[in-house]
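Results of the structural survey
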Amino acid sequence: MEAGLPSKEKHLCYNTLVCLLMTLKGQQTTVDLRNGASVTGKIVRCDPYMNVDMSHVLFRDASGKPHLFDNFFVHARNLRYVHIPPHIDMLKSVETFVNRSQVKQDKQVVKPKTLRRQAETVERVRKLKEKRQMKKEES
C-alpha cells in the first residue's frame, strides 16, 4: 500500500476485501470483466477503489479473440471477478495486510470500530477459503 493515502481510501483498504486484491501486487492473475472479456497479466497496482493496473497482458474479448498489451488499466466499475491464484493463502494475505497496517499505526489510536471491521474482513476471507475448499472436495 502506498503511504499518505487520504482517510477515505485508508478506510476502504482496511474495512473491505480490497485489501486482498492489493496483496496480489506482482502476481500473475486473471480478471474477468463485465462485458464478458478477460484480462490475464501481472498486477502492477491496485488502488482502494479497485482500479487495477496490469502489465504483460493477454486480453481476450467477449468473442475469445486474443490481444496483447504491455500495460492495461481496468476501471473498477468494469471488474466482475478476480481469480485468486491457488498458491495464495487468502486468510494469511489479509491478516498480513491488516497486521502491517497496525504496526504502522503504533503511535496512532486505532478505533475499536476499525479493529472490529478488520476482524470481520478476516472472517469473511476465512469463510471464502472454506467454501473454496468444500468445492474442491466435492469435485
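As a starting point, this report considers the structure included with it.

Definitions and limits used
Residues numbered from 1 in each chain as written. Predicted model: local features only at pLDDT ≥ 70, side-chain atom pairs only at ≥ 80, totals over all residues. Heavy atoms only, no water. Helix = DSSP H or I, 4+ residues; strand = E, 2+ residues; numbered from the N terminus. Buried < 20%, exposed > 50% of the residue type's maximum accessible area, 1.4 Å probe, protein only. Contact = heavy atoms within 4.5 Å. Areas by Shrake-Rupley, 256 points an atom, 1.4 Å probe, with all protein chains shown as cover. Phe/Tyr/Trp six-rings, centres within 6.5 Å; stacked < 30°, edge-to-face > 60°.

**Digging into the overall build of the chain**
Along its length, the chain carries four helices and five strands. For the chain, the N- to C-terminal ordering of α and β elements is α-α-β-β-β-β-β-α-α. Burial statistics for the chain: of 139 residues in total, 34% are counted as buried. For the chain, the proportion of contacts with a sequence separation of at least 24, taken over those separated by at least 6, is 53%. Of the roughly 9,100 Å² that the chain leaves accessible, carbon and sulfur atoms contribute 53%.

**A word on the packing of aromatic side chains**
Under the counting rule described, the total for this entry stands at three aromatic pairs. Considering the side-chain rings of phenylalanine 59 and phenylalanine 72, the 5.4 Å spacing of their centres and the 25° angle between planes classify their relative orientation as stacked. With phenylalanine 59 in strand β3 (residues 52–60) and phenylalanine 72 in strand β4 (residues 66–74), this pair connects stretches of sequence that are 13 residues apart. Taking 5.4 Å as the distance between ring centres and 55° as the angle between the ring planes, the aromatic pair formed by phenylalanine 69 and phenylalanine 72 counts as tilted. Three or more aromatic residues joined by ring pairs form one cluster here, namely Phe59, Phe69 and Phe72.

Function cannot be read off these values alone, since they describe shape.
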